[in-house]
Amino acid sequence: MWGGRFSDTPSGIMQAINVSIDFDKRLADQDIQGSLAHAAMLAKQGIISSDDHAAISQGLAEIKAEIDAGDFAWSAELEDIHLNIEGRLREKIGDAAGRLHTGRSRNDQVATDFRLWVRGNLDHFAGRLDALIRALVEQADANTDTIMPGFTHLQSAQPVTFGHHMLAYAEMFARDKSRMEDCRARMNESPLGAAALAGTPYPIDRDMTADALGFDRPMANSLDAVSARDFAIEALSAASICATHLSRLAEEIVIWTSAQFAFISLSDKYTTGSSIMPQKRNPDAAELVRAKVGRIVGATTSLMIVMKGLPLAYSKDMQEDKEPVFDAFEALDLALAAMTGMIGDMTPNKDRLAEAAGAAYSTATDLADWLVRSLNMPFRDAHHVTGTIVALAEKQGKTLDALSLADMQSVEPKITDDVFSVLSPLASASSRLSYGGTAPSNVRAQVKRWKKKLG
């Protein structure tokens with residue numbers, strides 16, 4: 001395809017390092033889509049004949065059918081997806097195939113293909129995230145008043161509701177979806193027609209091809225169009241943040257399913273056994289989701305390093321842009337699907353959660369707040385009194401709500417039996433009525449909002 005300037009064939013090593021068809025063949029649909037739009041524009045502008053356009057369109061349709069059926073013979077000698085398809089088109093329709101490349105270069109062609117592929121995957125992830133958020137909302141709806149311990153430093157802090165905990169992740173994943181939508185909007189410009197780097201002397205209509213491919217507009221600078229890969233880096237960055245959220249939730253699932261916590265259970269669908277320990281039920285799906293973040297963040301770093309020292313415009317280094325993105329998006333897709341499945345599958349152990357919610361004096365802050373509200377005590381003084389009462393409860397081996405009124409009055413005589421209204425975990429959680437708080441009534445309102453948003 002490019003041998004006119006050369007009198008000898010590439011060495012075997014050159015062939016091995018240069019060829020990309022093994023991985024960029026997954027851009028086949030996008031490449032054909034871009035070629036069909038380009039051919040239609042060339043015909044409309046009178047750059048190629050209507051007969052050539054018809055032959056090109058028919059040939060590309062046949063090639064797509066061959067690829068979809070698994071009958072296409074990929075050739076390493078033709079390097080990449082673009083030359084493989086063009087070579088097959090030439091076999092089918094003859095010289096008309098050579099006219100398809102008028103007014104474009106592989107540089108703008110691959111940039112267009114890659115943008116289309118990334119854009120399609122961002123749309124796919126938006127759907128995946130909706131499904132995950134829906135699963136979280138369903139768990140929240142079923143557990144608006146299921147009490148569990150809330151943690152800071154992985155130490156019991158204050159009681160919260162299980163539904164509130166689930167909705168915290170719904171908020172995170174909603175932001176992930178928003179980041180991907182923002183990225184999609186920013187990248188939705190067409191490089192096609194920028195040619196190698198400087199544009200083309202042919203009277204092409206870049207607005208027409210941009211519109212045909214669903215782009216908002218053509219990219220305004222031909223140098224930028226062929227050399228920009230920030231759209232892929234931004235997409236990977238959004239994927240990395242999303243994977244981090246998945247990893248945090250996976251870590252909690254791993255902890256919660258342990259015998260020491262026993263907060264939730266997962267069925268056989270999302271656990272595995274041990275080859276020598278028959279009692280084991282391992283949360284392998286969660287552990288593997290937790291691990292995927294390494295691949296995805298690694299891909300982000302990899303592409304940034306590829307791009308960091310490249311002068312304008314195109315350099316062959318940019319052939320290394322696709323594999324990290326392909327790998328990272330495949331990992332994220334699987335992780336999202338696995339997490340959605342686990343969230344729908346898991347069953348909270350309500351008795352164990354309630355027991356844990358009342359442990360470690362988790363309602364101590366409620367006692368301090370009661371002293372402030374009911375006795376008009378300065379918070380710092382209330383904090384000191386509460387600490388003394390906690391020490392007394394610890395000495396007796398009791399929870400705060402199990403202490404007698406006399407015991408508490410031995411520390412602060414003004415305490416009344418009304419204090420017991422705030423010392424149970426459910427009472428504690430129910431009192432957190434501030435916007436965004438964990439009170440069951442708040443959770444029910446948020447569930448309603450989410451269901452309306454999800455449709």
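Draft legend 1. Focus on the pairing of strand β2 (residues 155–161). Inspection of the sheet shows strand β1 (residues 147–152) paired to β2 by six bridges, in the antiparallel sense. Bridged to Met-148 within β2 is Val-160. What sits between β1 and β2 in their antiparallel hairpin is a turn of two residues, with His-153 showing a positive phi close to 60 degrees.

Draft legend 2. Molecular detail of helix α16 (residues 379–396). Taking 1.5 Å of rise per residue, the 18 residues of α16 would be expected to cover 26 Å, and the 25 Å separating its terminal C-alpha atoms lies within 8% of that figure. Considering only its buried residues, α16 is in contact with α15 (364–375) and α17 (405–409). Downstream of α16 by one or two residues, Gly-397 has phi in the positive range, about 70 degrees.

Draft legend 3. A look at the side chain of Thr-209. Here Thr-209 is to be found in helix α9 (residues 206–212). Assessed through its relative accessible area of 2%, Thr-209 is described here as buried. When sequence neighbours within four positions are dropped, the list of residues in contact with Thr-209 reads Ala-37, His-38, Met-41 and Leu-192.

Draft legend 4. The arrangement of a nonpolar patch on the surface in detail. Together, Leu-197, Leu-223 and Leu-312 make up a nonpolar patch on the protein surface, roughly 270 Å² of accessible area in all. Mapped onto the elements, Leu-312 comes out in the loop between α12 (284–307) and α13 (322–345).

Draft legend 5. Broad picture of the nonpolar core. Core analysis: the biggest nonpolar cluster contains 74 residues, and Val-118, Phe-173, Leu-246, Phe-329 and Met-339 have the highest contact counts within it. At the level of elements, α7 (106–142), α8 (162–187), α11 (230–256), α12, α13, α14 (350–357) and α19 (440–454) are the ones that each hand at least two residues to this core. When residues of this core are assigned to their parent elements, the largest contribution, 16 residues, is made by α11. The contacts of Phe-173, once residues within four sequence positions are left out, are Leu-129, Leu-132, Ile-133, Leu-136, Cys-242, His-245, Leu-246 and Leu-249. The next biggest cluster of nonpolar side chains, apart from the first, holds 19 residues, and it includes Ile-21, Ala-39, Leu-89 and Ala-97.

Draft legend 6. The arrangement of a negative patch on the surface in detail. Taken together, Asp-22, Asp-317, Glu-320 and Glu-323 make up a surface patch of like negative charges. With respect to the helices and strands, the residue Glu-320 is situated in the loop between α12 and α13.

Draft legend 7. A look at the packing of α12 against α13. Contact geometry of α12 with α13 gives a least axis separation of 9 Å together with a crossing angle of 155 degrees. With respect to their mutual orientation, α12 and α13 come out roughly antiparallel. Between α12 and α13 the crossing geometry is left-handed. Contact residues: α12 offers Ala-285, Ala-286, Val-289, Lys-292, Arg-295, Ile-296, Ala-299, Ser-302 and Leu-303, while α13 offers Pro-324, Val-325, Asp-327, Ala-328, Ala-331, Leu-332, Leu-334, Ala-335, Ala-338, Met-339 and Met-342. Of the residues assigned to the contact of α12 with α13, the class counts are 16 nonpolar, one polar and three charged.

Draft legend 8. Local environment of empty space enclosed by the protein. This model, assessed by the stated rule, comprises two cavities of 30 Å³ or more. Here the second largest cavity is characterised by a volume of approximately 40 Å³. As for the second largest cavity, its lining consists of Asp-31, Ser-35, Leu-60, His-82, Ile-85, Glu-86, Leu-100, Arg-104 and Gln-109. Looking at the lining of the second largest cavity, the elements with two or more residues in it are α3 (28–44) and α5 (81–93). A per-element tally of the lining of the second largest cavity places α5 first, with three residues. Its residues assigned to classes, the lining of the second largest cavity shows three nonpolar, three polar and three charged.

Draft legend 9. A look at the pattern of salt bridges. Across all of its chains, the model carries 27 salt bridges by this definition. As a salt-bridge pair, Glu-181 and Lys-177 come within 3.9 Å of each other at their nearest N and O atoms. In this pair, Glu-181 and Lys-177 are both assigned in helix α8, four residues apart and thus about one turn of the helix distant. Here Asp-327 makes a salt bridge to Arg-295, at a shortest N to O gap of 2.7 Å. Placement of the pair is Asp-327 in helix α13 and Arg-295 in helix α12, with a sequence separation of 32 residues. Among the residues examined, Asp-327 registers a relative accessible area of 27% and is labelled partly exposed. In this structure, a network of salt bridges that share partners links the residues Glu-62, Glu-66, Arg-88, Glu-91 and Lys-92.

Thresholds, definitions, all that
Residues numbered from 1 in each chain as written. Predicted model: local features only at pLDDT ≥ 70, side-chain atom pairs only at ≥ 80, totals over all residues. Heavy atoms only, no water. Pairing = 2+ DSSP bridges. Helix = DSSP H or I, 4+ residues; strand = E, 2+ residues; numbered from the N terminus. Expected span 1.5 Å × (residues − 1). Contact = heavy atoms within 4.5 Å. Buried < 20%, exposed > 50% of the residue type's maximum accessible area, 1.4 Å probe, protein only. Patch = residues over 30% accessible without salt bridge, like charges linked within 9 Å, V, L, I, M, F, W, Y side chains within 5 Å. Areas by Shrake-Rupley, 256 points an atom, 1.4 Å probe, with all protein chains shown as cover. Salt bridge = Lys/Arg side-chain N within 4 Å of Asp/Glu carboxyl O. Core = buried A, V, L, I, M, F, W, Y, C linked by side-chain atoms within 4.5 Å. Lys, Arg positive; Asp, Glu negative; His and termini not counted. Charge placed at Lys NZ, Arg CZ, Asp CG, Glu CD. Axes fitted to C-alpha atoms, helices over the stretch in contact; angles between N-to-C directions. Parallel < 35°, antiparallel > 145°, perpendicular 65-115°, else oblique. Left-handed = near helix turned anticlockwise from the far one by under 90°. Nonpolar A, V, L, I, M, F, W, Y, C, P; charged D, E, K, R; others polar. 1 Å grid on protein atoms, 1.4 Å probe; cavity = no way out; pocket = protein on both sides within 12 Å on 5 of 7 lines; lining within 4 Å. Points joined across faces, edges and corners; volume = space filled by probe spheres on them.

Treat this as a map of the structure, not an account of what it does.
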